[in-house]
Amino acid sequence: MEGIAVKEPLVAVLCGGTSAERDVSLASSKAVAQAMAFAHPTRLFVLDEDQLPDGLDPAEHVVCIVQPGTFGEDGGLQRLLDAGGFSYASADARASELCFNKWSTRQTVSTVGVRVAPGCFFHTTGKPAVIDLVRNLGEQVVLKPNKQGSSVGLQMIGSQVQLETAFSILSEGEWVVEKKIVGRELTVGILGGRPMGIVEIAPKSGVFDYTSKYTKGFTEYHAPAQLSTKVTTEVRQLAKLAFVACGCRDYARADFILSTEGELYFLEINTLPGMKEMSLLPMSARCVGLNFNALCRELVALAFQRFQAARK
């Protein structure tokens, strides 16, 4: 009945899983659970298979997913939560599935005026001719799995010979190849639909791959990024456009390249970005005065509202 108070739920932090990003998930989840516990009763659930854990109750728990990769970021876990009547933070199943699919995300954001690099989608059963790709995109391209996170499988290609070699040993599945845009890599967190601070990513190797992302000292970060007011405004506007176009909610992180010609190119949007204290989303939040504990509280704020509304 309206007006009757609903008992405060516990926060259930889901982590682990079976994807290539399990270790990333486990490291992030500990930090999130510890921070969340300052504001809410919190329980950590470690998933070892692709199903909801025992003890999870939609009448008692608001779910915070800290499980990037397959069955976590791709909508699979979210569909089970929806079917179980759970309130959970971050994107719903449809938006999660869309944003995990790099090619579909590109197509979606481009319809609202967000620029993407020229590219091509293919399955390994029907690989395009390398000579045609070089003719259309040039020899310097980026090759990446269509459905992976944390830069897993990312390859920077610098010549036709390198591309031919890469194509000869590709693992089976869907791939995206894009024209390489030379410039500055930027990322911005979005919280409650509002873009936060912009962070510049400067890997010492020149490539923000899995190693550069997760090895201490391999990448420098500038938070906030030193940008003109015009570029800062444009990054935030494009991030919000992408967030809305993809149907995201609560929070996400959008990545861009600012080319040497001054043009912004969308890379991807992450619905479950890394959540260690020194991860990119917390860096973005600190730029606008939100420390890690405060950010974690805000991540679940709208999910708490949905929990309360569903039970009144």
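Structural data are supplied above this passage.
Residues numbered from 1 in each chain as written. Predicted model: local features only at pLDDT ≥ 70, side-chain atom pairs only at ≥ 80, totals over all residues. Heavy atoms only, no water.

**Some thoughts on the pattern of salt bridges**
Summed over the entire model, instances satisfying the criterion amount to 10 salt bridges. Its salt-bridge partner being R106, residue E178 comes within 2.8 Å of it at the nearest N-O pair. Linking E178 in strand 8 (residues 174-179) with R106 in helix 4 (residues 102-110), this pair joins segments that are 72 residues apart in sequence. Residues E178 and R106 agree in their burial class; the two are buried. The partner of E178 in a salt bridge is K144, with the nearest N and O atoms 3.2 Å apart. Placement of the pair is E178 in strand 8 and K144 in strand 6 (residues 141-145), with a sequence separation of 34 residues. Residues E178 and K144 agree in their burial class; the two are buried. (Salt bridge = Lys/Arg side-chain N within 4 Å of Asp/Glu carboxyl O. Helix = DSSP H or I, 4+ residues; strand = E, 2+ residues; numbered from the N terminus. Buried < 20%, exposed > 50% of the residue type's maximum accessible area, 1.4 Å probe, protein only.)

**Overview of helix 11 (residues 301-310)**
What helix 11 keeps buried is the set A303, F304 and F307. Considered in projection along helix 11, the buried side chains sweep an arc of 105 degrees and stay on one side of the axis. Set apart from the buried face of helix 11 by more than 90 degrees, the exposed residues are Q305 and A309. Each element contacted by the buried residues of helix 11 is listed here: strand 1 (10-16), strand 3 (61-65) and strand 4 (87-88). (Arc of directions from axis to C-beta. Contact = heavy atoms within 4.5 Å.)

**Quick word on the sheet that holds strand 7 (residues 155-157)**
Strands sit in the order 5-8-6-7 across an open sheet of 4 strands; the sheet is antiparallel. Each edge of the open sheet carries a strand with a single partner, namely strand 5 (119-123) and strand 7. For this sheet the average axis-to-axis angle between neighbouring strands, irrespective of direction, equals 20 degrees. Of the pairings in the sheet, the one linking strand 6 to strand 8 comprises 5 bridges and is antiparallel in character. Across the sheet, P145 pairs through a bridge with W175, a residue of strand 8. Sitting on the sheet, helix 4 is in contact with strand 5, strand 6 and strand 8, with an inclination near 145 degrees to strand 5. (Pairing = 2+ DSSP bridges. Axes fitted to C-alpha atoms, helices over the stretch in contact; angles between N-to-C directions.)

**With respect to the environment of Q34**
Relative to the elements of secondary structure, Q34 occurs in helix 1 (residues 22-36). When its relative accessible area of 57% is taken as the criterion, Q34 is described as exposed. Distance from Q34 to L44, taken between C-alpha atoms, is 9.5 Å for residues 10 residues apart in sequence.

**Digging into the environment of G274**
Here G274 is to be found in the loop between strand 13 (264-270) and helix 9 (280-286). In sequence terms G274 and P68 are 206 residues apart; their C-alpha atoms lie 7.7 Å from each other. If near-sequence neighbours (up to four positions away) are discounted, G274 is found in contact with S28, R253, S279, L281 and P282.

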